Amino acid sequence: MKKILVLIVLMCFSIVLIGCSETTTTTLTTTESQTTTTTTTVRESSSTTTQGTVAKEISLSYADWADPEINQMLIDAFMVKYPHIEVSLRKDITGTGGAFTNNLLNAQAAQTLPDVFAIDNVPTGLYNGMIREITEYWDNDPETDLVYDNIADTAVYDGKRYALPSFQFIKGIGMNLTIFDKYNIPIPDKDWTYEEMIAIAREIRLAGKADYVYGIDGLEGVGLDFELIFPTMDAVDVGYNTWDGTQFNFTSQAWIDAFNLELDLIAENVLAAYTEEELAIIGDGWPWVEGYAGMKIEGTYNFGYVESMFNNGFEFGFWPYPGGEAGQFPPTIIDYAVVSSQTDYPEEAYLLAKWMTFGKEGWMLRLDAMHERGDLFIDRFPVSDVPEIWAKIDEYHLTDYIEGLAENVDLLPYAKPDVDKWLPGYKEFWAWVSSEENDYWTKIYNNEVTPEVFASEWETQINTMISTALEEWKNSIDETN
């Protein structure tokens, strides 16, 4: 069926192209004083072979760590839409996240960077000269007007854009609804508050302690990160981890209180922290999937285990992140794609990057392919407000399988995205926190230092590191120019 889908897509595009000797694209360029229309014509007749087929004039390559089957389908359709462009899917750059980015650095050293690629950390690409500025293409692309403002504002440095936001993933609360039923704990409404979540976590732990069940588990086995999110729920103008667009504000009482709430749950043994004795009793499996926690801080990118939970007899839900005094503003994790500094065809590379990420045509094909192969749910979401895309997600019921996922999606226009992958200096700050010299996490969890004490030092350090990183990058650009 998957092959049939690709063939149908290719045939549809081919029908449109029959009898056409040239393809015309129109680009609108707007300035304060005037609006002009530029028409570019790509002539195919000059590159036809003796058999009448179109010879590829441009070769591009693409790499990311996503689903290779979907990637290849999209690439095949792209080459039909743009018959003068040959695109290869690079499979030699392996790994995910940081490991993938490290392999990109190796490719850069060998002068073999893909023309378009996903990147785990945009500043890493900036520092190492891996990526090309794309401001002119983004600004002249009408589709970018539909990208949510809170996402479009990211990955822009000194007024210049170096990355395209590709997908947004939702950070919410995984719910083992079977645990709630087992201990007769009422399931909260989806427009709940973080005070309710904390109270429920304590209640689950009290009821389930004899069964080795914890109230709440952290994201990917680490802390709860309340300080990153709770302040955003209590004030409309507070961003992720108190980022206000210029600096972080760790000395705010909201940040300190949120950090202390997490430490309280750790001290009360409510946060999942399985002892060796407990693990020996409950077995070698993943405790969360095996039913030993009632709730879990979670991101949709981790949904690979959902079927395992259902198969284990647990009803899984994904509730929106609980709100605060100002309402519910779902935290989202943004991924990025970039155009290589080594590409010979930046304009065509931008077209490919858009097709594989936020572009409407690519998204519609992606959703058709997911539906055709029987995908039950979606784990990544559009970064732009295109009604046709959201309508197709609804048509294919891709948010219905997991209870609560649809309510998360409804809140996306109010999301507050993270800064992890695009803000220079942010990654280096956390390395500073965890360094052998500072060893803050040990000191914090041993109660050697409290948020009231270290918040000021952290705030000064992170804001200094960010301003320094941006200044160093600007200086390097000036020297290059």
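Draft legend 1. Representation of the overall build of the protein chain in the model. On a plain count of helices and strands, the protein chain comes out with 19 helices and 13 strands. Expressed as a percentage of its 481 residues, the buried residues of the protein chain come to 51%. Restricting the contact set of the protein chain to residue pairs at least 6 apart, pairs at least 24 apart contribute 73%. For the protein chain, the accessible surface area stands at approximately 21,700 Å², while carbon and sulfur atoms represent 50% of it.

Draft legend 2. Main features of the packing of helix α2 (residues 68-81) against helix α13 (residues 346-356). With their axes 10 Å apart at the nearest point, α2 and α13 run at an angle of 135° to one another. Regarding the angle of α2 to α13, the classification is oblique. Every pair of crossing elements has a handedness; the one defined by α2 and α13 is right-handed. For the pair formed by α2 and α13, the contact residues are Asn71, Leu74, Ile75, Ala77, Phe78 and Lys81 on the first element and Glu348, Leu351, Leu352, Trp355 and Met356 on the second. Of the residues that constitute the contact of α2 with α13, the class distribution is eight nonpolar, one polar and two charged.

Draft legend 3. Examining α2 more closely. With 14 residues, α2 extends 20 Å from end C-alpha to end C-alpha; this agrees with the ideal 20 Å at 1.5 Å per step. Along α2, the positions that sit buried rather than exposed are Ile70, Asn71, Met73, Leu74, Ile75, Ala77, Phe78, Met79 and Val80. For α2, the N-terminal cap is Asp67; the gap from its side-chain oxygen to the backbone nitrogen of Glu69 is 2.9 Å.

Draft legend 4. Region of the structure containing the pairing of strand β5 (residues 116-119). Side chains of β5 alternate between two faces, with Val116 and Ala118 and Phe117 and Ile119 buried alike. With two bridges joining them, strand β3 (residues 58-63) and β5 adopt parallel strand pairing. Paired with Ala63 across the strands is Phe117, a residue of β5. Examined bridge by bridge, β5 and strand β12 (residues 331-339) share four bridges and lie antiparallel to one another. The partner of Val116 across the bridge, within β12, is Val339.

Draft legend 5. Structural context of the confidence of the model for the protein chain. When pLDDT is averaged along the protein chain, the result is 89, and 87% of the positions lie at 70 or above. A low-confidence stretch, residues 1-52 (pLDDT under 50), is modelled with 67 contacts involving residues beyond four sequence positions or located in other chains.

Draft legend 6. Looking closely at the packing of helix α14 (residues 360-372) against helix α15 (residues 387-395). Put simply, α14 and α15 touch, their axes get as near as 10 Å, and they point 5° apart. Compared by their axis directions, α14 and α15 come out roughly parallel. On α15, the residues touching Lys360, Trp363, Met364, Leu367 and Asp368 of α14 are Glu388, Ile389, Lys392 and Ile393. Within the contact of α14 with α15, the residues separate by chemical class into five nonpolar, no polar and four charged.

Draft legend 7. Representation of α15 in the model. Among the residues of α15, Ile389, Trp390, Lys392 and Ile393 are the ones counted as buried. Looking straight down α15, one finds that the buried residues subtend no more than 160° of arc, so they occupy a single side. Across from the buried face of α15, at angles greater than 90 degrees, the exposed residues are Pro387 and Asp394. Those residues of α15 hidden inside the fold are in contact with α14 and α16 (405-410). Directly beyond the C-terminal end of α15, a positive phi value near 55° is found at His397.

Draft legend 8. Structural context of the side chain of Asp141. Looking at the secondary structure, you find Asp141 in the loop between α5 (135-139) and α6 (149-152). Of note is the side chain of Asp141, whose polar atom sits 3.0 Å from the backbone nitrogen of Glu143.

Draft legend 9. Examining the side chain of Thr154 more closely. By the secondary structure assignment, Thr154 is in the loop between α6 and β6 (156-157). Thr154 sits in the buried class, given a relative accessible area of 4%. At 2.7 Å, the side chain of Thr154 and the backbone oxygen of Ile151 are in polar contact.

Draft legend 10. Molecular detail of the pairing of β12. Burial within β12 is extensive, with nine of its nine residues counted as buried. In β12, alternate side chains face the same way, and those of Pro331, Ile333, Asp335, Ala337 and Val339 on one face and Thr332, Ile334, Tyr336 and Val338 on the other are all buried. As judged from the two bridges shared by β12 and strand β13 (residues 416-417), these two strands associate in the parallel manner. Each residue of the ladder has a partner; that of Thr332, found in β13, is Pro417.

Draft legend 11. Looking closely at a negative patch on the surface. Together, Asp189, Asp191, Glu195, Glu196 and Glu325 give the surface a local cluster of negative charge. As for its placement among the helices and strands, Asp191 is situated in the loop between α7 (177-182) and α8 (194-208). Judged by relative accessible area, which is 56%, Asp191 ranks as exposed.

Draft legend 12. Fine view of the packing of aromatic side chains. Inspection of every chain in the model, using the stated rule, returns 42 aromatic pairs. For the ring pair Trp430 and Trp441, a centre distance of 6.1 Å and an interplane angle of 10° mean the geometry is stacked. Residue Trp430 is located in helix α17 (residues 426-434), and its partner Trp441 is located in helix α18 (residues 440-445); the two are separated by 11 residues in the primary sequence. A ring pair is formed by Phe454 and Trp458, whose centres lie 4.6 Å apart and whose planes are at 40°; its orientation type is tilted. Here Trp458 and Phe454 lie together in helix α19 (residues 451-480), a separation of four residues that amounts to about one turn. In this structure, Phe454 and Trp458 share a single accessibility class: buried. A cation sits over an aromatic face here: Arg161 above Trp138, 3.9 Å from the ring centre.

Draft legend 13. Geometry of unusual backbone geometry. Phi angles above zero are rare outside glycine, and Asn184 is one such case at about 55°. Along the polypeptide, Asn184 turns up in the loop between α7 and α8. Of note, the phi angle at Thr242 is positive, near 70°, even though the residue is not glycine. The residue Thr242 is located in the loop between α9 (226-234) and α10 (253-267) in this model. Its relative accessible area of 4% is what places Thr242 among the buried residues.

Analysis parameters
Residues numbered from 1 in each chain as written. Predicted model: local features only at pLDDT ≥ 70, side-chain atom pairs only at ≥ 80, totals over all residues. Heavy atoms only, no water. Helix = DSSP H or I, 4+ residues; strand = E, 2+ residues; numbered from the N terminus. Buried < 20%, exposed > 50% of the residue type's maximum accessible area, 1.4 Å probe, protein only. Contact = heavy atoms within 4.5 Å. Areas by Shrake-Rupley, 256 points an atom, 1.4 Å probe, with all protein chains shown as cover. Axes fitted to C-alpha atoms, helices over the stretch in contact; angles between N-to-C directions. Parallel < 35°, antiparallel > 145°, perpendicular 65-115°, else oblique. Left-handed = near helix turned anticlockwise from the far one by under 90°. Nonpolar A, V, L, I, M, F, W, Y, C, P; charged D, E, K, R; others polar. Expected span 1.5 Å × (residues − 1). Polar contact = N/O pair within 3.5 Å; in protein donor to acceptor, adjacent residues only side chain to side chain. Pairing = 2+ DSSP bridges. pLDDT = per-residue confidence, 0-100. Arc of directions from axis to C-beta. Patch = residues over 30% accessible without salt bridge, like charges linked within 9 Å, V, L, I, M, F, W, Y side chains within 5 Å. Salt bridge = Lys/Arg side-chain N within 4 Å of Asp/Glu carboxyl O. Lys, Arg positive; Asp, Glu negative; His and termini not counted. Charge placed at Lys NZ, Arg CZ, Asp CG, Glu CD. Phe/Tyr/Trp six-rings, centres within 6.5 Å; stacked < 30°, edge-to-face > 60°. Lys NZ or Arg CZ within 6 Å of the ring centre and 35° of its normal.

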